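Reading the structure
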Amino acid sequence: MRFTDILRTAFMNLWRRKLRAVLTVLGMVIGVSSIVVMMSLGIGIKKSTMESYASMGSLTNITVSRWSYKETATGGTSTEKKLDKKAVETIRKIPGVKSVMPQIQTYGILKSGKWISDCSIMAIDSSVAEEFGIELSEGRYPKYKRGSSSYEIVLSQDVLNWFYDPNTGKQAVDRDGNPKVTMESKFQITFDYNNIYNNNPGGMGDEENQQSAGRTYRIDPVGVVSPNNNEFSWYCLMDIEAVQKLAKENSDYMQLDTKNYNRVMVKCENTDVVSEVKAAIDDMGYGTSSLQDALEQAEKQMQQIQYLLGAIGGVSLLVAAIGIMNTMMMSIYERTKEIGIIKVLGCRMDNIAELFLTEAAYIGFFGGAAGLGISYGLSAVINHFVGGSGFKSIIPFYLAVGAVLFSVTVAMLSGLYPAIRAMRLSPLNAIRNE
């Protein structure tokens, strides 16, 4: 028999028993739709988790600190190591490292007229700020202007709402709640609270006060940090060289080690080398952390969830496979005489096996295709009602194609034993069968 004859004959055999074929296909539809929807939920949860971690910062970033922790037989020990320019250059030369950005964290008091606001300052290397995903809602990155009496700053997203009168505690907002201090206002910065509460601005008053009080500097806002930067949104940004200079001039108030950095951000070329770079930095004696660590742990949990959801859907598919085997076996018993006749007429035994396997494949294909269509509908319903909460269903192309191929494979495996049984029937016994 030609392959086209097998396809046509197998389809006609199913068509002669439409109700039984439809019910068997329905079992496969339920099985395929169950496993696809369950797997799509697992994929959706995994993607939502990855997006959540990605929104917290780049997955290719590594945070390096001076303190490292090691487990010991008696508990654990913490050690501190210098994190200076030399260390930064060593880290920069590690294979897989794309960029390095040292950081210094400090605080200051912004002043605009009678209004003041405390602010946390993150000193960064402005030349690589964009590579580390530091977004600005407006303006540009701060620069260090050597020899200038003023300094540039990028304001945090909410610092303009934090200004108040230190004498009365009244917020600097109008009747509509809008801040009175704007980007166009004139600003100063100091690191000595005596300049605010003792009415003794640096550089003014008698000689004794000039020596004891911290200085006040003119500050120029050049931008605003975007609220999308979860890690940097609450900081005012300044160039690291500018902060180091201010720290030297205000050592009594800022108390910063200008030769060491608080931490260093490392940007890797891609996610594949993060683990290797992180291990190399660990070997240098520094403490490291990255979102990859948390993501890998989350991926393991998501994988377990996917296995569980897939197993739940697989139960329905197993029931459908048993139904296919039952249908094929019943078909053999009903068509025993027919099988004997076509054997006597010269039909090869492998053609008989191919005929039954093709019938099973038809059931698997139609059931898989219909089940996939239902899965897309259920996925749309799930995403419509609960998609906004981060719990969503995603059916990628590979899952759709794989589901149909898998259903055909399962159906053919289920029909394999009946096909072999039909192939081995004795022609004489089959013809005599009533």
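Residues numbered from 1 in each chain as written. Predicted model: local features only at pLDDT ≥ 70, side-chain atom pairs only at ≥ 80, totals over all residues. Heavy atoms only, no water.

Okay, the layout of surface pockets next. A volume near 370 Å³ is recorded for the largest pocket. Lining the largest pocket we find 19 residues, and of these K85, I240, E241, Q244 and Y261 sit closest to its centre. The element that contributes the greatest number of residues to the lining of the largest pocket is helix α6 (residues 240–249), accounting for 5 residues. Of the residues belonging to the lining of the largest pocket, the class tally is 7 nonpolar, 3 polar and 9 charged. (1 Å grid on protein atoms, 1.4 Å probe; cavity = no way out; pocket = protein on both sides within 12 Å on 5 of 7 lines; lining within 4 Å. Points joined across faces, edges and corners; volume = space filled by probe spheres on them. Helix = DSSP H or I, 4+ residues; strand = E, 2+ residues; numbered from the N terminus. Nonpolar A, V, L, I, M, F, W, Y, C, P; charged D, E, K, R; others polar.)

The next thing to look at is the packing of aromatic side chains. Under the criterion given, the structure shown has 7 aromatic pairs. Ring geometry for F11 against Y362: centres 5.8 Å apart, planes inclined by 70°, an arrangement best described as edge-to-face. Of this pair, F11 sits in helix α1 (residues 3–16) while Y362 sits in helix α11 (residues 349–386), and the two are 351 residues apart along the sequence. Of the residues examined, Y362 reaches a relative accessible area of 18% and is grouped as buried. Counting every residue linked through ring pairs, the aromatic cluster contains F11, W15, Y362, F365 and F366. We note K18 situated over the ring of W15; from NZ or CZ to the ring centre the distance is 5.1 Å. (Phe/Tyr/Trp six-rings, centres within 6.5 Å; stacked < 30°, edge-to-face > 60°. Buried < 20%, exposed > 50% of the residue type's maximum accessible area, 1.4 Å probe, protein only. Lys NZ or Arg CZ within 6 Å of the ring centre and 35° of its normal.)

Attention now goes to empty space enclosed by the protein. Applying the stated criterion across every chain yields a total of 1 cavity of 30 Å³ or more. What the largest cavity holds in volume is close to 80 Å³. Residue assignment for the lining of the largest cavity shows that the elements contributing at least two residues are α1, α2 (18–55) and α9 (291–334). Residues that form the lining of the largest cavity fall into these classes: 3 nonpolar, 3 polar and 4 charged.

Within helix α3 (residues 85–92), the full set of buried residues consists of A87, V88 and I91. One side of α3 carries all its buried residues, which in axial view fall inside an arc of 100°. Structural note: α3 exposes K85 and K86 on the side pointing more than 90 degrees away from its buried face. Contacts from the buried residues of α3 go to β1 (61–65), β4 (97–112), β11 (263–268) and α8 (274–283). (Arc of directions from axis to C-beta. Contact = heavy atoms within 4.5 Å.)

A separate point is the confidence of the model for the protein. Confidence in the prediction for the protein averages 82 pLDDT; 85% of positions are at 70 or higher. Note on residues 200–211: pLDDT is under 50 here. Beyond four places in sequence and across chains, it has 13 contacts. (pLDDT = per-residue confidence, 0-100.)

Looking at where T358 falls in the secondary structure, it is placed in helix α11. Exposure remark for T358: the relative accessible area of 12% places this residue in the buried category. Here E354 takes part through its backbone oxygen, which lies 2.6 Å from a polar atom of the side chain of T358. When residues no more than four places from it in sequence are discounted, the contact partners of T358 are I6, L7 and A10. (Polar contact = N/O pair within 3.5 Å; in protein donor to acceptor, adjacent residues only side chain to side chain.)

Using the criterion set out here, one finds 9 salt bridges in the structure. Residue E80 is joined to R66 by a salt bridge in which the shortest nitrogen-to-oxygen separation is 3.9 Å. Remark: R66 occurs in the loop between β1 and β2 (67–72) and E80 occurs in strand β3 (residues 75–80); sequence separation between them is 14 residues. Residues K245 and E249 are paired through a salt bridge, measuring 2.7 Å at the closest nitrogen-oxygen approach. Of the two residues, K245 and E249 are both situated in helix α6; the distance of 4 residues between them amounts to about one turn of the helix. (Salt bridge = Lys/Arg side-chain N within 4 Å of Asp/Glu carboxyl O.)

Across the interface, α1 lies against α11 with an axial gap of 9 Å and an inter-helix angle of 65°. Considering how the two elements wind past one another, α1 and α11 form a crossing that is right-handed. Two secondary-structure elements touch here, α1 through I6, L7, T9, A10, F11, N13 and L14 and α11 through N351, E354, L355, T358, E359, Y362, I363 and F366. Residues of the contact of α1 with α11, tallied by class, amount to 9 nonpolar, 4 polar and 2 charged. (Axes fitted to C-alpha atoms, helices over the stretch in contact; angles between N-to-C directions. Left-handed = near helix turned anticlockwise from the far one by under 90°.)

Attention now goes to unusual backbone geometry. Although it is not a glycine, Q255 adopts a positive phi angle of roughly 50°. Tracing the chain through its elements places Q255 in the loop between α7 (251–254) and β11. We classify Q255 as exposed; its relative accessible area is 65%.

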